[in-house]
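Chain and residue survey
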Amino acid sequence: MFGSGIIRGLSITFKHLVETYVDDLKAVPSRYKYGRELIKQEPDEKGFFTIQYPEEKRKLPEAFRYFPMLLYDDETGEERCTACGICANVCPAQCIWIERAKDPKTGKPKPKPQAFYIDTSLCMSCGLCAEFCPFDSIKMDKDYERASYGRWEDLLLDKERLLKPVSYYAQISPTQYRAEEEARAAKKKK
Amino acid sequence: MNEAVTKSKAVDIKEAIPGAVLSEENGALIVAPDKLVEFGRYLKDNAGYDYLSSVTGVDYLTYPGRDSSNRFEVVYHLYSIERGGGPLVLKVRLPEENPEVPSLVPVWPGANFQEREIWDLYGVRFTGHPNLRRILLWEGFNGHPMRKDWHEAYYEADHKPFKSRTPEGHPIHAEERVPWHDNIVLPEGWDPDQWQEPVHVVPLPPTKGHVREGIQTERVVVNVGPQHPSTHGVFRMIMELDGETIVAMEPEMGYLHRNHEKIGERNTWIMNIPFTDRLDYINSMTNNLGYVLAVEKLMGMEVPERAEYLRVIMSELTRILNHFVAIGFLFNDLGAFYTPMLYGLEERELILDLFEMASGSRMMCNYMRFGGVARDVPEEFIPFARKLVNERLPRVIDEINRYLTKNEIFLYRARGVGVLPRETAIAYSASGPVLRASGVKYDVRRAEPYSIYDRFDFDVVTEEGGDVYSRYMVRLREIMESRKILSQALDQIPEGPIITGKKKYSFRPPMGDAYARIEAPKGELGYYVVSDKTNNPYRYHVRAPSFINLTSLEPMLVGYKVADSVVVLGSVDIVLGEVDR
């Protein structure tokens, strides 16, 4: 019948509209069960799924990566980085710059970074630096709200802005952190 | 078996045209330039190599063992649609001075854009080409940028890591290095004020206005794009119209050109993986896969079982995702404004959630590595994927079938529109759903299985119509086939390591070249890599399916109404990131 396709289409659109509310009614407190900042879509939900950002946020998976960060030890305050430069060599966008520290007395280079820059206006968030860091020092942060007014100066991160405590990393990526700590402990035993 | 067939054929082939094959090197035939067309015609008509998949240029200026008498090389990869199997590789070597090779367009029209690309980027002239203009760059561009001795303004270094990005420890920005006004060098004798863009780009017989039912009409040239909501990016179709009927059409592209391949040659091998994400940004997983397969072929690497399964799972999820987006945008072009597309995107979101779980990023996955994958999937991945594949997708596809497939507006506008006959599709090197919608049963997953596709039970979907409707149906049915593969893969996936050996960021593959192709959602995606035993690829070429599928846009459009052009373009399913590279 002429026009039946249109009616069928509209009925499906209407069904979607209704299902959106039915999903919410079915499971009270439904999608807010982990709080408004940890919303996750499940494959068995039928209706539309919207998150009212920035009031509400998605629950990020553990693997999520954004920009890199540098880790330092909580107790000693010492950064893990040894200024080996692998991250700068492997970076496809060439946005990492490291300067090796020198011993103030002898003038010999020591395995610590004096300066560490990551230009996040160039960074493509590929995660290769974190993947190849042999000292578990550079890791991918999950903080994605990085919009700023200064296009260059605010996005060029120096060592102070990159440094994050290990406990922060353990909190955002618990499984990965545990696996890495085990591997580090096994390595030390050897 | 297929290998043996090509081998035994190759022996006969070599003597077929006297003087055509000069020698054989690593399985490739070195062909004399003046006999190329004759030889090509013989291969097409008598030896069954009817599909010219890829044409690549290489500049061997700094390659060890090469001199100026054979500086340039044009590489052709031929396949047989009927027999399947591996390629017949032809190479033509050309001198530094005035490199010229006869064009293969009279034999395979599908060589058209690829030869123009080589002319554009390498300056190799194809004699007899009907329309040898630059394709990706603009006419006022000075030089041929893929040549090894071509340097851009503010050239840094041949290979990464660059030392110049951070002088004195302070990173500097591209904008400071490259001011807008003085990075342009125009070719000699080329005046931008005098130059006029050719409007009649397609060679057409000169026409006068003719009288139709007493009304004086004339042909009009209409531009669709470069900025147009229906061109899926910055893309332009120049169409010549007689009334409402398209009589000639020529696509204009390159607005997003960034010379991906030159960047690729400056990168180290591993740095290219995240760059391939940015080609066809909807399907980053399959882009990764094609590239790592090519490098693995070069290095002779083995991939652990679990990684192979993960690769297949990711590729098939990508196919589902791409086809949902393609169908959605096709309807958007038809005027079903955003509702079908949002229904498609809704399913895509869930697949992107899976990608994010596995790789950490939704679109720029950077997931495959040489010899495996970057990381194992978390525990919740498999149950989530199972639920999606086994429960949700059948329901969604059923719904799409109900409200789109039989929609009468869609039927009126899609059936018999943009017909690409079977022979034309093969001759124009169309691939993927476009080829299969013209009734050609050709799928790289079956014709030349890579990874572990030979273990799965699935059908190669074909439709006979060759029109927009068939291309839509092929995509829809391919989602079902991918679902079949996925549910098998998710059940069979074993435990185990996900990568061979230790991950390396710096390695030197042995000398030589390799070509790997996969059935990407948009068509046949190939990577041609040449190694000179250094940390960087000597040559890195992408056979981009969207780019080459556009060659067949002209035969699809000519003869139809101008209003159909948007729909037909939507049914080809292009992504400009891949077309322009």
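Refer to the preceding data block for the structure.
Residues numbered from 1 in each chain as written. Chains lettered and ligands numbered in written order. Predicted model: local features only at pLDDT ≥ 70, side-chain atom pairs only at ≥ 80, totals over all residues. Heavy atoms only, no water.

1. Some points on the overall build of chain A
Within chain A one finds six helices and six strands. When the elements of chain A are put in sequence order from the N terminus, they spell out α-β-α-β-β-α-β-β-α-β-α-α. Taking 190 residues into account, the globule formula puts the C-alpha radius of gyration at 16 Å, and chain A, at 24 Å, lies well above it. The 190 residues of chain A split such that 42% are buried. (Helix = DSSP H or I, 4+ residues; strand = E, 2+ residues; numbered from the N terminus. Rg over C-alpha atoms; globule rule 2.2 N^0.38 Å. Buried < 20%, exposed > 50% of the residue type's maximum accessible area, 1.4 Å probe, protein only.)

2. Considerations on the overall build of chain B
Within chain B, the secondary structure is distributed over 19 helices and 19 strands. Relative to the globule expectation of 25 Å for 581 residues, the C-alpha radius of gyration of chain B, 24 Å, shows essentially globular dimensions. Seen through its C-alpha atoms, chain B measures out along the principal axes to roughly 70 × 65 × 60 Å. Going through the 581 residues of chain B one by one, you find that 62% of them count as buried. For chain B, the share of sequence-separated contacts (at least 6 apart) that also reach a separation of at least 24 residues comes to 69%. Roughly 21,900 Å² of accessible area belongs to chain B as shown, and the carbon and sulfur atoms make up 52% of that amount. Of the charged side chains in chain B, 67 are positive and 83 negative; the average position of the first set lies 3 Å away from that of the second. (Contact = heavy atoms within 4.5 Å. Areas by Shrake-Rupley, 256 points an atom, 1.4 Å probe, with all protein chains shown as cover. Lys, Arg positive; Asp, Glu negative; His and termini not counted. Charge placed at Lys NZ, Arg CZ, Asp CG, Glu CD.)

3. Quick word on the pairing of strand β5 (residues 88-94) of chain B
Residue and element names in this part refer to chain B. Within β5, seven of the seven residues are buried, leaving the element largely enclosed by the surrounding structure. Across four bridges, strand β2 (residues 28-31) lies against β5 in parallel orientation. When the sheet's bridge partners are listed, A28 is paired in β5 with V89. Two strands pair when backbone bridges link them, and strand β4 (residues 72-79) and β5 are joined in this way by seven bridges, in the antiparallel orientation. Bridge pairing in β5 links F72 to L94. (Pairing = 2+ DSSP bridges.)

4. Considerations on unusual backbone geometry
Of note, the bond from Y53 of chain A into P54 of chain A is cis; its omega dihedral lies within 30 degrees of zero at 5°. With respect to the element layout, P54 of chain A can be found in the loop between α1 (4-26) and β1 (68-72). Non-glycine residue N26 of chain B carries a positive phi angle of around 50°. Summarising the element assignment, N26 of chain B is placed in the loop between β1 (21-25) and β2. Positive phi, normally seen in glycine, also occurs at S451 of chain B, with a value near 50°. One can find S451 of chain B in the loop between α14 (444-447) and α15 (468-492). Under the relative-accessibility criterion, S451 of chain B is labelled partly exposed at 22%.

5. Overview of helix α10 (residues 381-405) of chain B
Since the α-helix packs 3.6 residues into each turn, any two residues three or four apart lie on the same face. Taking 1.5 Å of rise per residue, 25 residues should cover 36 Å, yet α10 of chain B covers just 32 Å from first to last C-alpha, more than 12% shy of that figure. A maximum bend of about 40° is found in α10 of chain B at R392 of chain B, where proline P394 of chain B lies one to four positions downstream. (Expected span 1.5 Å × (residues − 1). Bend = angle between axes of the 7 residues up to and from the residue.)

6. Concerning the interface of chain A and chain B
Every contact between the two is made by 49 residues of chain A and, on the other side, 51 residues of chain B. With both sides pooled, the region where chain A packs onto chain B buries about 4,400 Å², and carbon together with sulfur makes up 55% of that total. The interface formed by chain A and chain B contains five salt bridges. Between R369 of chain B and E131 of chain A there is a salt bridge, and its shortest N-O distance comes to 2.6 Å. Where chain A packs against chain B, one counts 14 residue pairs in polar contact (both at pLDDT 80 or more). Elements that contribute at least two residues to the side of chain A that touches chain B include exactly α1, α2 (86-90), β2 (96-102), β3 (109-119) and α3 (128-132) of chain A. (Buried area = accessible area lost by both parts, 1.4 Å probe. Salt bridge = Lys/Arg side-chain N within 4 Å of Asp/Glu carboxyl O. Polar contact = N/O pair within 3.5 Å; in protein donor to acceptor, adjacent residues only side chain to side chain.)

7. Regarding the environment of L486 of chain B
Residue and element names in this part refer to chain B. Tracing the sequence through the fold places L486 in helix α15. Accessibility expressed as a relative area gives 1% for L486, which makes it buried. Taking the C-alpha atoms as reference points, L486 and V312, separated by 174 residues in sequence, lie 7.9 Å from one another. Not counting the four nearest positions on each side in its chain, L486 is found in contact with I313, E316, L317, I320 and V389.

8. Focus: the sheet that holds strand β19 (residues 537-543) of chain B
All names here are of chain B. Ordered in space as β17-β18-β19, the three strands form an open sheet in which the pairing is antiparallel. Among the strands making up the open sheet, the edge pair consists of β17 (512-520) and β19. Going across the sheet, the axis of each strand differs from the next one's by a mean of 15°, ignoring polarity. Pairing between β17 and strand β18 (residues 523-531): nine bridges, direction antiparallel. Bridge pairing in β18 places A514 opposite V529. On the sheet, helix α7 (residues 284-299) packs against β17, β18 and β19 and is oriented at approximately 150° with respect to β17. (Axes fitted to C-alpha atoms, helices over the stretch in contact; angles between N-to-C directions.)

9. Description of the environment of R471 of chain B
All names here are of chain B. Of note, R471 is situated in helix α15. Residue R471 is classed as buried on the basis of its relative accessible area, which comes to 0%. When residues no more than four places from it in sequence are discounted, the contact partners of R471 are V417, G418, L420, P433, V434, A437, G466, M556, V568 and S571.

10. Section: the packing of aromatic side chains
Residues and elements named next belong to chain B. Using the criterion set out here, one finds 24 aromatic pairs over all chains in the structure. In textbook terms, an aromatic cluster arises when at least three aromatic residues are bridged by ring pairs, as seen for Y291, F370, F507, Y527 and Y540. Above the plane of the ring of Y453 lies R445, whose end atom (NZ or CZ) is 5.9 Å from the centre. Over the ring of F547 we find R581; its NZ or CZ atom is 4.7 Å from the centre of that ring. (Phe/Tyr/Trp six-rings, centres within 6.5 Å; stacked < 30°, edge-to-face > 60°. Lys NZ or Arg CZ within 6 Å of the ring centre and 35° of its normal.)

11. A few points about the side chain of R362 of chain B
Relative to the assigned elements, R362 of chain B resides in the loop between α9 (339-359) and β15 (368-369). At a separation of 3.1 Å, a polar atom in the side chain of R362 of chain B contacts the side chain of E356 of chain B. Setting aside residues up to four positions removed in sequence, R362 of chain B forms contacts with R58 of chain A together with E349, L352, D353, F355 and E356 of chain B.

12. A word on the sheet that holds β1 of chain A
Residues and elements named next belong to chain A. Read across the open sheet, the three strands follow the order β4-β1-β6; overall the sheet is mixed. Looking along the sheet, the strands with just one partner apiece sit at the ends: β4 (138-140) and β6 (163-165). Neighbour-to-neighbour, the strand axes of this sheet turn through a mean angle of 50°, independent of strand direction. Looking at chain direction, β1 and β6 are connected through three bridges and run parallel. In the sheet register, L71 faces β6, and the bridge partner there is K164.

13. Digging into the pairing of β4 of chain B
Of all eight residues making up β4 of chain B, eight are buried, and the element is well covered by its neighbours. The alternating pattern of β4 of chain B places F72, V74, Y76 and L78 of chain B and E73, V75, H77 and Y79 of chain B on opposite faces, both of which are buried.

14. A short note on the nonpolar core
Of all hydrophobic cores here, the largest spans 200 residues; its most connected members are I96 of chain A together with Y76, Y367 and F381 of chain B. Here the element with the most residues in this core is helix α8 (residues 305-334) of chain B; it accounts for 14 residues. Every residue in contact with Y367 of chain B, bar those within four places of it in the chain, is listed here: M285, N288, L310, M314, A358, S359, V373, A374, R375 and V377 of chain B. M69, V166, Y169 and I172 of chain A belong to the second-largest nonpolar core, a separate cluster that totals five residues. (Core = buried A, V, L, I, M, F, W, Y, C linked by side-chain atoms within 4.5 Å.)

15. Some thoughts on the pattern of salt bridges
Going through the model one piece at a time under the given rule, you end up with 58 salt bridges over all chains. When the shortest N-O distance is used, the salt bridge between E181 of chain A and R184 of chain A registers 3.8 Å. Taken as a pair, E181 of chain A and R184 of chain A lie in helix α6 (residues 174-189) at a separation of three residues, close to a single helical turn. In this structure R184 of chain A comes out as partly exposed when scored by relative accessible area, which is 30%. The shortest N-O distance in the salt bridge between E25 of chain B and R93 of chain B comes to 2.9 Å.

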